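Single-letter residue listing:
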Amino acid sequence: MNFLVASIESLGAKVTGWFTVGYDIFAFLFRSLLLSLDRATWNRATYDVVIKQVYFTAVQILPVFLGYALVISWLIITIILTTARDFGLTAFASEMTIRVLVLELLPFLTALFIALRSGSAINTEVALMKVNNELDALAHCKVPPMQFEFLPRLIGGVISVITLAGLAGLLALLLSYLSIYGLSMAGFDAFTQILAKVFNFKILFGLITKCALFGLAVTLIPITAGLETPKKLFMVPVSVLRGMMRVFFAIVAIEVVSLALKYI
Amino acid sequence: MKTLHFKVGLFAATTLLFGAIFVLYILYARGFFEDTYRLQLAASTADGVAPGVPLVFSGIEIGRVSTLGLNDNGGIVIHAELLARNAKWLKENSTFTLDKPIVGGAKIRIDSPDLKAPALPENSTMLLLTSDVTKEIPILVERVKAILANVEHLTRKDGEVNGTLANLETMTGRMTGEYGMLEGILGSPEKARGVTDSLDKTRALITKLDSLALKMDGMAAKADTWLFAPDGVALQTRDALAQVKLMLADAQSSLKKADALMTNAVAISADVKEGTQDFAALRTEIDDAVRKANALVNEINKKWPFARDPEVKLP
């Protein structure tokens, strides 16, 4: 009987924990949104930090990222085309390539890429700042961390995921055109027709929203995870671990919801 | 710091530029900058047609079904929309067919046999034909089944085709023998040899009859001298000569018959099918002719005892 009570208790604690985490995340998001709407936030210093964040999250990794997107896209396009030819379904190959790569896989991979590279770094940095009382020190020096540390990271994350996923998507479109029709304008009309069929404005809007949510997830969740670190140095790795797990679940959840909205 | 700003600015500008180009391209692709061309299709049933079903010309999608509904007479009216740039493929003699393939969705196929025909005016109503493959499959399967049963019946172990093939094999086997085709048709080398022998003998007989006729000519000349001799042989032999005339007519008809038989014999080798049927008749007729010719010669011998070689040998 005690065992049952204990397990129910632990389950209740876990659920409460999830709710607390969820509440913290959304409360933080709400506060940052409010702050971003405040005119006083947008001074020269904030812009500078935002630009720096965009530089570190997107521009610095651009060559590596585009190379990686190129290889993945080329592989998947080749696989889809070969399979489609084997089954005599070439007519559907280009649409399939666009739907799989541009709408789903590339944004997802971009989010993972940024989560692994920048998300984990942000999580560690915020956790260390918290443990070392740097955040309190900053607040004391009239440098509110929300304005100069967190909000720029959120904005940088959103911009980075949208731009990187967009560039990778355009690259994949170009690559799929070249793979299907080669270096000629012969298939331009047919390809245009397929693009028009796939990209209506709902889809385009949904894609941008999805990328924005990915960008938020890969920065917001690590920041809140870092902020809730107890002030003990050995808790920093645990904080990063938890934060990255949450990021992963959030990315998958966003992808699943977007797929469900699109196809169900 | 300056280079950092420059790089971010370049990145942002490039991305924005690409994004803007892409959005403009999508707007162009979706026909935002051009007019929409509308078209009505009349169909007997809306089965398989739904908003979004593509209009396909030469395998390339050029438009879509926008809505469909009923008219006042209960007929189906399908409204389709095309971009103005694609409307040039629609001609007055274009046909619209609803294709429902086994794999893939339904589509409306447009065939324009003559691209020089006058263009189809906007908002015109065309007839939508249906080619439903799935409906034809059961009928097709039944027919194929019947054909397969027939083929199976023909090719069974003791079936006609096998028998014919076996017969053909024996026949071609015989044809490779000494007497070739003739052996193939008559069945054995002995029979074939019989035919060739008969032909040889007939030829010999004809030569003999030929020389006989020459002799007869000579005899006629001799008879002439006798006839007009002063001792009056003519008178004595008038009856006998009348008889000879009859015999000559008989011999002539016999020769004609032999001639016809010869033709027949030639026809045997040419038209072997009839030849096999006539073979027995031919043999008896040749026999008959030879017998008659022998009788004639004997008869003449009796009347003209100076003949040297009266015998005609029977084959």
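Residues numbered from 1 in each chain as written. Chains lettered and ligands numbered in written order. Predicted model: local features only at pLDDT ≥ 70, side-chain atom pairs only at ≥ 80, totals over all residues. Heavy atoms only, no water.

1. Quick word on the domain arrangement of chain B
Interface size is often expressed as the accessible area that is lost when the parts come together.
Stage number 1. The domain boundaries assigned to chain B delineate domain 1 (1–33), domain 2 (35–132), domain 3 (139–179) and domain 4 (188–303).
Stage number 2. The distance between the C-alpha centroids of domain 1 of chain B and domain 2 of chain B comes to 38 Å. (Domains from an automatic or database assignment.)

2. With respect to the interface of chain A and chain B
Stage number 1. Counting from both sides, the interface comprises 28 residues of chain A and, opposite them, 24 residues of chain B.
Stage number 2. Both sides together, the interface formed by chain A and chain B hides about 2,300 Å², and carbon and sulfur atoms give 79% of it.
Stage number 3. Contact with chain B buries area across many residues of chain A, yet Tyr55(A), Gln193(A) and Phe201(A) alone supply 22% of it, more than any other trio.
Stage number 4. Taken together, the links from chain A to chain B amount to one salt bridge.
Stage number 5. The salt bridge partner of Glu61(B) is Lys197(A), with a shortest N-O separation of 3.4 Å.
Stage number 6. At the boundary of chain A and chain B, one finds five residue pairs in polar contact (both at pLDDT 80 or more).
Stage number 7. When contributions to the side of chain A that touches chain B are tallied by element, the ones reaching two or more residues are α2 (44–59), α6 (145–181), α7 (188–198) and α8 (201–227) of chain A.
Stage number 8. Looking at the side of chain A that touches chain B, its residues break down into 20 nonpolar, four polar and four charged. (Contact = heavy atoms within 4.5 Å. Buried area = accessible area lost by both parts, 1.4 Å probe. Salt bridge = Lys/Arg side-chain N within 4 Å of Asp/Glu carboxyl O. Polar contact = N/O pair within 3.5 Å; in protein donor to acceptor, adjacent residues only side chain to side chain. Helix = DSSP H or I, 4+ residues; strand = E, 2+ residues; numbered from the N terminus. Nonpolar A, V, L, I, M, F, W, Y, C, P; charged D, E, K, R; others polar.)

3. So, the packing of helix α1 (residues 2–37) of chain A against α8(A)
What describes two packed helices is the angle between their axes and the distance between those same axes.
Residues and elements named next belong to chain A.
Stage number 1. Where α1 contacts α8, the two axes come as close as 10 Å, and the packing angle between them is 115°. Regarding the angle of α1 to α8, the classification is roughly perpendicular. The chirality of how α1 crosses α8 is right-handed. In this structure, α1 contributes Asp24, Ile25, Phe28 and Leu29 to the contact, and α8 contributes Leu216, Leu220, Ile221, Ile223, Thr224 and Leu227. (Axes fitted to C-alpha atoms, helices over the stretch in contact; angles between N-to-C directions. Parallel < 35°, antiparallel > 145°, perpendicular 65-115°, else oblique. Left-handed = near helix turned anticlockwise from the far one by under 90°.)

4. Structural notes on α7(A)
Stage number 1. A large share of α7(A) lies buried, amounting to eight of its eleven residues.
Stage number 2. Residues Ala190(A), Phe191(A), Thr192(A), Gln193(A), Ile194(A), Leu195(A), Ala196(A) and Val198(A) constitute the buried set of α7(A).
Stage number 3. Looking at the buried positions of α7(A), the neighbouring elements they touch are α4 (90–131), α6 and α8 of chain A together with α1 (2–29) and β3 (60–70) of chain B. (Buried < 20%, exposed > 50% of the residue type's maximum accessible area, 1.4 Å probe, protein only.)

5. Things to note about the pattern of salt bridges
Stage number 1. Evaluated as defined, the whole model comprises 19 salt bridges over all chains.
Stage number 2. A salt bridge links Arg246(A) to Glu228(A), with the nearest nitrogen and oxygen atoms 2.9 Å apart. Of this pair, Arg246(A) sits in helix α9 (residues 235–263) while Glu228(A) sits in the loop between α8 and α9, placing them 18 residues apart in sequence.
Stage number 3. Residues joined by salt bridges that share partners form a network here, namely Glu95(A), Arg99(A), Lys197(A), Glu61(B) and Arg64(B).

6. Looking at the pairing of strand β4 (residues 76–83) of chain B
Residues and elements named next belong to chain B.
Stage number 1. For β4, the buried fraction is high: six of the eight residues fall into the buried class.
Stage number 2. In the sheet, strand β1 (residues 36–43) pairs with β4 via eight bridges, with the strands oriented antiparallel. The partner of Tyr37 across the bridge, within β4, is Leu82.
Stage number 3. Bridging between β3 and β4 involves seven bridges; their strand directions are antiparallel. Counterpart to Arg64 in the pairing with β4 is Glu81. (Pairing = 2+ DSSP bridges.)

7. Regarding unusual backbone geometry
All names here are of chain A.
Stage number 1. Look at Asn133: it is not a glycine, yet its phi comes out positive at around 60°.
Stage number 2. Its location among the elements puts Asn133 in the loop between α4 and α5 (134–140).
Stage number 3. According to the relative accessible area criterion, Asn133 is partly exposed, its value standing at 38%.
Stage number 4. Phi at Lys142 takes a positive value of approximately 60°, unusual for a residue other than glycine.
Stage number 5. With respect to the helices and strands, Lys142 occurs in the loop between α5 and α6.

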